[in-house]
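Structural overview for review
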Amino acid sequence: MSALSGQASEHQQRPTRSRHLQSSIAGARDLQETLLVSDLHLAPERPEGIALFLRFLADRARGAGRLYILGDLFDAWIGDDDDTPAHRAVIDGLRALSNSGTSCALMHGNRDFLIGRRFARASGCRLLRDPARIALGGEPVLLMHGDLLCTDDVAYQRFRRKVRNPLVQRLFLLKRLEARRKIAADYRRRSAEAMAAKTEEIMDVSPQEVTRRIRRAGVQRLVHGHTHRPADHDLVVDGRIVRRHVLAEWHDGRGEVLVHADGQWWREPVLAA
Ligand code: LP5
Ligand code: MN
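Residues numbered from 1 in each chain as written. Chains lettered and ligands numbered in written order. Predicted model: local features only at pLDDT ≥ 70, side-chain atom pairs only at ≥ 80, totals over all residues.

Moving on: the packing of helix 2 (residues 47–58) against helix 3 (residues 85–99). With their axes 9 Å apart at the nearest point, helix 2 and helix 3 run at an angle of 10° to one another. Compared by their axis directions, helix 2 and helix 3 come out roughly parallel. In this structure, helix 2 uses P47, I50, F53, L54, L57 and A58 to contact helix 3, whose residues at the interface are A86, A89, V90, G93, L94, A96 and L97. (Axes fitted to C-alpha atoms, helices over the stretch in contact; angles between N-to-C directions. Helix = DSSP H or I, 4+ residues; strand = E, 2+ residues; numbered from the N terminus. Parallel < 35°, antiparallel > 145°, perpendicular 65-115°, else oblique. Contact = placed C-beta atoms within 7 Å.)

Here's what the structure looks like:
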């Protein structure tokens, strides 16, 4: 693999077309938009982040054909029986969007891998496997959260294997909500300590693993989040140019969405009113 460029100019932000223009063109050809987001890290203690996402669901995402959430929608998900009102509001927002005709799909991240069937039923979201190979405008595209690509972070991969063990998860889910919240906070604290001792390089994707996943899936486009290093990378795999879109983290009242429509890809900011 070799990187051709860090940022691809054709994929820079593009002015939003007016809703009217979008719908009149869409009438003639299949221009339905696909929206991709990840790493929203929604948490009850940051109501402005929740409000931004709810507005995005009710406004920008309305009328889109598909919405893909590629993991870490929540800062921590401790089980579908969680009764936090802010989390319920997110479920209701997703349900309203899926009821309005947008197909919503959600992939687990390293913070919310306990999202399960009950959440899926209530929100109207389909749960996606990681990785997931989908078709967009006739092109196969590989979707991942991104943590599986960070194979140099051996301590994280070991932690991941433990917490993705179904038996470990079942035992965790048997605990009371308050006990689960404490364990999640403890993992967060220990993870922050561990991360402070890791290099930026270790916590980024492994180029070899990126190539391996792309080759295995037979795609020329990969979309993922997790690293919080938004960019559009071009690389060469087996003589073919492959594009890797890294999604942005939502933070400090600002989000970002990657949009696909009619064979074109662009990024749009999501801002508070
Ligand atoms: O998300 P981000 O960018 O902050 O950090 C990640 C990695 N950290 C994690 C840990 C999560 O943040 C913890 C939150 C979990 C909430 C869910 C609760 C449900 C628990 C259910 C249990 C069944 O994913 C971090 C990476 C970084 O990305 C970059 O890729 O480096 O990884 C770590 O820091 C992991 C540490 O290296 C080792 C783990 C320390 C915690 C030890 C706990 C003991 C494990 C026991 C398992 C049963
Ligand atoms: Mn993540």
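What follows picks up the thread again.
Of all residues adjacent to ligand 1, which total 25 residues, the nearest are N110, A155, Y156, S191 and A194. Of the residues assigned to the shell around ligand 1, the class counts are 15 nonpolar, three polar and seven charged. (Near = placed C-beta within 6 Å. Nonpolar A, V, L, I, M, F, W, Y, C, P; charged D, E, K, R; others polar.)

Further remarks concern the environment of R212. Assignment of secondary structure puts R212 in helix 8 (residues 207–217). Distance in space between the C-alpha atoms of R212 and V237 is 9.2 Å, their sequence separation being 25 residues.

Another aspect to go through is helix 2. In this model helix 2 runs 16 Å from its N-terminal to its C-terminal C-alpha over twelve residues, within 8% of the 16 Å that 1.5 Å per residue would give. Listed in full, the buried residues belonging to helix 2 are G49, I50, L52, F53, F56 and L57. Down the axis, helix 2 shows its buried residues gathered within 160° of arc, on one side only. Turned more than 90 degrees off the buried face of helix 2, the exposed positions are P47 and E48. (Expected span 1.5 Å × (residues − 1). Buried ≥ 20, exposed ≤ 12 C-beta atoms within 10 Å, placed from the backbone. Arc of directions from axis to C-beta.)

Moving on, we come to unusual backbone geometry. A cis amide bond links D130 with the next residue in sequence, P131, at an omega value of 0°. Take P131: it is sitting in the loop between strand 5 (125–128) and strand 6 (132–136). The backbone of H226 shows a phi angle near 80°, a positive value even though the residue is not glycine. For H226, a count of 26 C-beta atoms within 10 Å gives the class buried.

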